[in-house]
Amino acid sequence: MELQWKDGIVTSKDQLVEMVGVPHKTVVHKNISFIDAHIENYLAMSSLFFISSSSADGRADVSPRGDEPGFVKVMDEKKLIFPDRPGNRRLDSLNNILENPQVGMIFIIPGLNDVLRINGKAWITRNEELLNEYQWKGKTTRMGVIVEVEECFIHCPRAFNKADLWKSETWPPKEQLPNLIEMWKAHVALNGISAD
């Protein structure tokens, strides 16, 4: 008998609670709606974050942003800003922000398993005076992204603990890693474009 993958699909919040239970009150009440000194210190040490966004029709995207620690600057207790750097010019996140400003961010500090989550509304700025104020090193697109914070909270380390992310002895040997050039060429070819 063929497995029917839709059998057992969860369709309600009540089903989720039945399966998982309810969170402890400290988990429910760990969110804050502004950038305090603890959040600012975390941001000053973070060199990588992932930003999630979605288009007006709900098509979702997640994109990494990395730079020197502290590249995300605190403007005030409700706003942060980061530079837009030159990349592949797909502009997935920026196009989504234009259609739907709601974003989610996960900030990482190398070696630390707890992550910082920030959710809020984003705007793209090309205000040169404002951008010059933050004195980022290196080339930018002459644009930055401002995020108005709606909620911030620390997320538990369980995922990183399970993944042993920072333990280099658990990493696969380099020769076993996916060959990304081959993957890229194969995917481009599937779409009828020569990689040459």
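Up top you'll find the structure we're talking about.
Residues numbered from 1 in each chain as written. Predicted model: local features only at pLDDT ≥ 70, side-chain atom pairs only at ≥ 80, totals over all residues. Heavy atoms only, no water.

Undergrad: Explain the side chain of Ser54 to me, and be specific about the residues and the numbers.
TA: Tracing the sequence through the fold places Ser54 in strand E1 (residues 48-54). Overall, the relative accessible area of 18% leaves Ser54 in the buried class. At 3.1 Å, the side chain of Ser54 forms a polar contact with the side chain of Asn100. Sequence-distant contacts of Ser54, that is, excluding residues within four places in its chain, are made with Arg59, Ala60, Asn96 and Asn100. (Helix = DSSP H or I, 4+ residues; strand = E, 2+ residues; numbered from the N terminus. Buried < 20%, exposed > 50% of the residue type's maximum accessible area, 1.4 Å probe, protein only. Polar contact = N/O pair within 3.5 Å; in protein donor to acceptor, adjacent residues only side chain to side chain. Contact = heavy atoms within 4.5 Å.)

Undergrad: Could you give an account of the layout of surface pockets, naming the residues involved and the relevant values?
TA: Estimates place the volume of the largest pocket at around 460 Å³. If you trace the largest pocket, you find 20 residues lining it, with Arg85, Pro86, Gly87, Asn88 and Arg89 closest to the centre. Contributing elements (two or more residues each) for the lining of the largest pocket: strand E2 (60-66) and helix H4 (92-99). With four residues, the single largest contributor to the lining of the largest pocket is E2. The residue inventory of the lining of the largest pocket, partitioned by class, reads five nonpolar, six polar and nine charged. Within this model, the second largest pocket holds a volume of roughly 170 Å³. Together, Glu128, Leu131, Asn132, Gln135, Trp136, Thr140, Arg142 and Met143 line the second largest pocket. (1 Å grid on protein atoms, 1.4 Å probe; cavity = no way out; pocket = protein on both sides within 12 Å on 5 of 7 lines; lining within 4 Å. Points joined across faces, edges and corners; volume = space filled by probe spheres on them. Nonpolar A, V, L, I, M, F, W, Y, C, P; charged D, E, K, R; others polar.)

Undergrad: Could you give an account of the environment of Asn31, naming the residues involved and the relevant values?
TA: You can see Asn31 is positioned in the loop between helix H2 (25-28) and helix H3 (37-45). Taking the C-alpha atoms as reference points, Asn31 and Asn179, separated by 148 residues in sequence, lie 41 Å from one another. Here Asn31 is in contact with Glu151, Cys152 and Phe153, once residues within four sequence places are set aside. Side-chain polar atoms of Asn31 contact the side chain of Glu151, separated by 2.5 Å.

Geometry only, nothing functional implied.
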